[in-house]
Amino acid sequence: MSQDYKPTVTNASVQEQFEEYVMPTWKSLNVPISRAEGCTVEDFDGNEYLDVFSGISVTNAGHRKEEVVEATKEQLDEFIHGCTYLHPHQPAADLAEKLEAVTPGDLKKSFFANSGTEAVEGAIKLARKYTGSKEVIALEMSFHGRTLGSLALTGNKAYKNDMAPTINDVAHVVPPYSYRCQLCDGGPCSMDCAEDLERVIETHTSGDLAAVVVEPVMGEGGIIVPPGGWLERVQEITHNHDGLLIVDEIQTGYGRTGEMWGVNHFDVVPDIMPQAKGIANGLPLGAFTAREEVANAFESGDHLSTFGGNPVACAAALATIEQLENGIVENAGEQGEWLTSQLADLEAKYDVVGDTRGLGLMQGVELIDPDADGPRGVAPAPNADLAKRVGKHLRTEENIIMGVGGFHGNVMRFQPPLTISREDLKRSVEALDESIAAVVDI
Ligand code: PLP
């Protein structure tokens, strides 16, 4: 990659500008980016990084995937804006038709927004319009976005600091977090977390249930994979109470789990399915797709977005899906299987690795303090400080960008472009191994 197109820009100069002119909520910015290709990110000082986080799980087809770039340029030469409400256009029409084909079961009609949080909020409005009910239930430790409606659903106070909605019709149920299960107390899975939904509906709601919103694998929560049967039971309870099941595929979708959708690992077809992140390989786009009967509850003008369904983003999305279907999702499945076994070896090797888990190329490594009790004494204490140091060592010594997150801030997140080669994946696992060894006793 060439570095000569902005010779005066350095990492320090970009960071200084951010410091001066951008609100400090961006402050965790750690690798300034000047160019990116495939699984490689380059900064302004000429350093190259192996990216195993994809800009938080977005560039699923690889940074600047050639076919996506081409499709984007072609649309730029035609027209850049045509609000879908005023000007129906071909890229949105084609993408909607494609989503009918690739989404599960009888999901049929889509609405296009600009981001994940917008897709979630639109899905809630649609559920309310269709059911005529108001109340919504989500999971503790969930993440659904940062605008006020999605923030109300998000079951994590870390995102709400002094900004939480004061009035809402949202209740939360316990998450299906086997490693730290609040209900099974370290014993065999009782599936009481699914049954908790029944309890919460009975105790927290007035019985006016519009929707239950879940992630099939909880991303920001710490790559939490529910036990088999959980999602099916959650859907059953939701439908028994006349609510709709909204499955948030914003992070799990577009091949991330080794299937096109996270729900494909379960025997469930959502009623409404929000999507974003990987949808257009980096161009801003969100969508939600619903069964026809549900979708038709939106009458003309009920919901609208000036930029939503931007033709350039839609063209990029169509090219992205084509590429994903052309072997990339399959690669995610194959590499993910290999990664699972490698991470299990790390769990056996280090007592600071409490748990490893995930599906496809959405895998987490939970770091702990083996000598201290965790919340309610179910598992050892989460070790966020260690995770932070491992992440920094990976970045500064190994030139690898890996996610650090989870509800307790102690989960290393592997979410690389789904095009990643075995060689690069091996390099990232070895680097994680070396980084844990290097910082664990400091
Ligand atoms: N839902 C899930 C499951 C997510 O992981 C995210 C973002 O991380 C969102 C919603 C919000 O998406 P956005 O940041 O595009 O608003």
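Please read all numbers here as calculations on a predicted model, not as lab measurements. (Residues numbered from 1 in each chain as written. Predicted model: local features only at pLDDT ≥ 70, side-chain atom pairs only at ≥ 80, totals over all residues. Heavy atoms only, no water.)

A. Geometry of the overall build of the chain. Helix and strand counts for the chain come out as twelve helices and 16 strands. Taking 442 residues into account, the globule formula puts the C-alpha radius of gyration at 22 Å, and the chain, at 21 Å, falls close to it. Seen along its three principal axes, the alpha-carbon backbone of the chain occupies a region of about 60 × 55 × 45 Å. Of the accessible surface of the chain, which amounts to about 19200 Å², a share of 49% is contributed by carbon and sulfur atoms. In the chain, 33 side chains carry a positive charge and 69 a negative one; their mean positions are 4 Å apart. (Helix = DSSP H or I, 4+ residues; strand = E, 2+ residues; numbered from the N terminus. Rg over C-alpha atoms; globule rule 2.2 N^0.38 Å. Areas by Shrake-Rupley, 256 points an atom, 1.4 Å probe, with all protein chains shown as cover. Lys, Arg positive; Asp, Glu negative; His and termini not counted. Charge placed at Lys NZ, Arg CZ, Asp CG, Glu CD.)

B. Highlighting the site of the ligand. The environment of the ligand is formed by S115, G116, T117, F143, H144, G145, E215, E220, D248, I250, Q251 and K277. The contact in question runs from an oxygen atom of the ligand to an N or O atom on the backbone of G116, over 2.8 Å. One of the side-chain nitrogen or oxygen atoms of K277 is found 3.2 Å away from an oxygen atom of the ligand. Relative to its free-state accessible area of 390 Å², the ligand is covered by the protein chains to the extent of 82%. A class-by-class count of the residues in the shell around the ligand yields two nonpolar, six polar and four charged. (Near = heavy atom within 4 Å. Polar contact = N/O pair within 3.5 Å; in protein donor to acceptor, adjacent residues only side chain to side chain. Nonpolar A, V, L, I, M, F, W, Y, C, P; charged D, E, K, R; others polar.)

C. Region of interest: the side chain of S305. Inspection of the secondary structure assignment puts S305 in the loop between α9 (292-295) and α10 (311-349). Judged by relative accessible area, S305 falls into the buried class, the value being 8%. Setting aside residues up to four positions removed in sequence, S305 forms contacts with C83, F111, F112, N114 and E118. (Buried < 20%, exposed > 50% of the residue type's maximum accessible area, 1.4 Å probe, protein only. Contact = heavy atoms within 4.5 Å.)

D. Examining the sheet that holds strand β1 (residues 35-37) more closely. Pairing in this open sheet of four strands is mixed, and the strands run β1-β2-β3-β14 from one edge to the other. Here the strands that pair on one side only, and so sit at the sheet edges, are β1 and β14 (400-401). One ladder, built from three bridges, connects β1 with strand β2 (residues 40-42); its direction is antiparallel. Across the sheet, residue E37 finds its bridge partner in β2, namely T40. (Pairing = 2+ DSSP bridges.)

E. The arrangement of the side chain of S57 in detail. As for its position among the elements, S57 is in helix α2 (residues 54-57). Accessibility expressed as a relative area gives 1% for S57, which makes it buried. Setting aside chain neighbours within four positions, we find S57 in contact with Q251, R256, K277, G278 and Q415.

F. Structural context of unusual backbone geometry. Backbone geometry at R64 places phi at a positive 50 degrees, although glycine is not the residue there. For R64, the location among the structural elements is in the loop between α2 and α3 (66-76). The exposure class assigned to R64 is partly exposed, which follows from its relative accessible area of 42%.

G. View of a negative patch on the surface. A grouping of E66, E67, E70, E74, D77, E78 and E322 is seen on the molecular surface, where their side chains present a negatively charged patch. The element that contributes the greatest number of residues to the negative patch is α3, accounting for four residues. Summarising the element assignment, E78 is placed in the loop between α3 and α4 (90-102). (Patch = residues over 30% accessible without salt bridge, like charges linked within 9 Å, V, L, I, M, F, W, Y side chains within 5 Å. Salt bridge = Lys/Arg side-chain N within 4 Å of Asp/Glu carboxyl O.)

H. Structural detail: the packing of aromatic side chains. Here the structure, examined in full by the defined rule, presents four aromatic pairs. Judged by centre distance (4.8 Å) and plane angle (75 degrees), the rings of Y254 and W261 are edge-to-face. Residues Y254 and W261 agree in their burial class; the two are buried. Members of the aromatic cluster, joined through ring pairs, are F111, F288 and F298. (Phe/Tyr/Trp six-rings, centres within 6.5 Å; stacked < 30°, edge-to-face > 60°.)

I. Representation of the pattern of salt bridges within the structure. This model, assessed by the stated rule, comprises 18 salt bridges. Across the salt bridge formed by D196 and R199, the nearest N and O atoms sit 2.6 Å from each other. Taken together, the positions of D196 and R199, both in helix α7 (residues 192-204) and three residues apart, correspond to about one turn of that helix. We classify D196 as buried; its relative accessible area is 7%. Residue class for R199 comes out partly exposed when judged on its relative accessible area of 43%. For the salt bridge of E220 with R413, the shortest nitrogen-to-oxygen distance reads 2.9 Å. One end of the pair, E220, is in the loop between β7 (209-214) and α8 (230-240); the other, R413, is in strand β16 (residues 411-414), with 193 residues separating them in the sequence. Each member of the pair, E220 as well as R413, carries the same accessibility label: buried.

J. Broad picture of helix α5 (residues 116-131). For α5, spanning 16 residues, the distance from its first C-alpha to its last is 23 Å, which sits close to the expected 22 Å at 1.5 Å a residue. Looking at α5, one finds that the buried residues are G116, T117, A119, V120, G122, A123, I124, L126 and A127. Backbone geometry just after α5 places G132 at a positive phi near 75 degrees. (Expected span 1.5 Å × (residues − 1).)

K. Seen up close, the environment of E16. The topology assignment puts E16 in helix α1 (residues 11-21). In this structure E16 comes out as exposed when scored by relative accessible area, which is 57%. Taking the C-alpha atoms as reference points, E16 and Y350, separated by 334 residues in sequence, lie 39 Å from one another.

L. Spatial organisation of the state of the cysteines. Summed over the entire model, instances satisfying the criterion amount to zero disulfides. Cysteine C181 remains unbridged, with the sulfur of C184 as its closest cysteine sulfur at 3.7 Å. A relative accessible area of 9% places C181 in the buried class. With no disulfide of its own, C193 lies 5.7 Å from the sulfur of C189, the closest cysteine sulfur. On the basis of relative accessible area, C193 is assigned to the buried category, the value being 7%. (Disulfide = S-S within 2.5 Å.)

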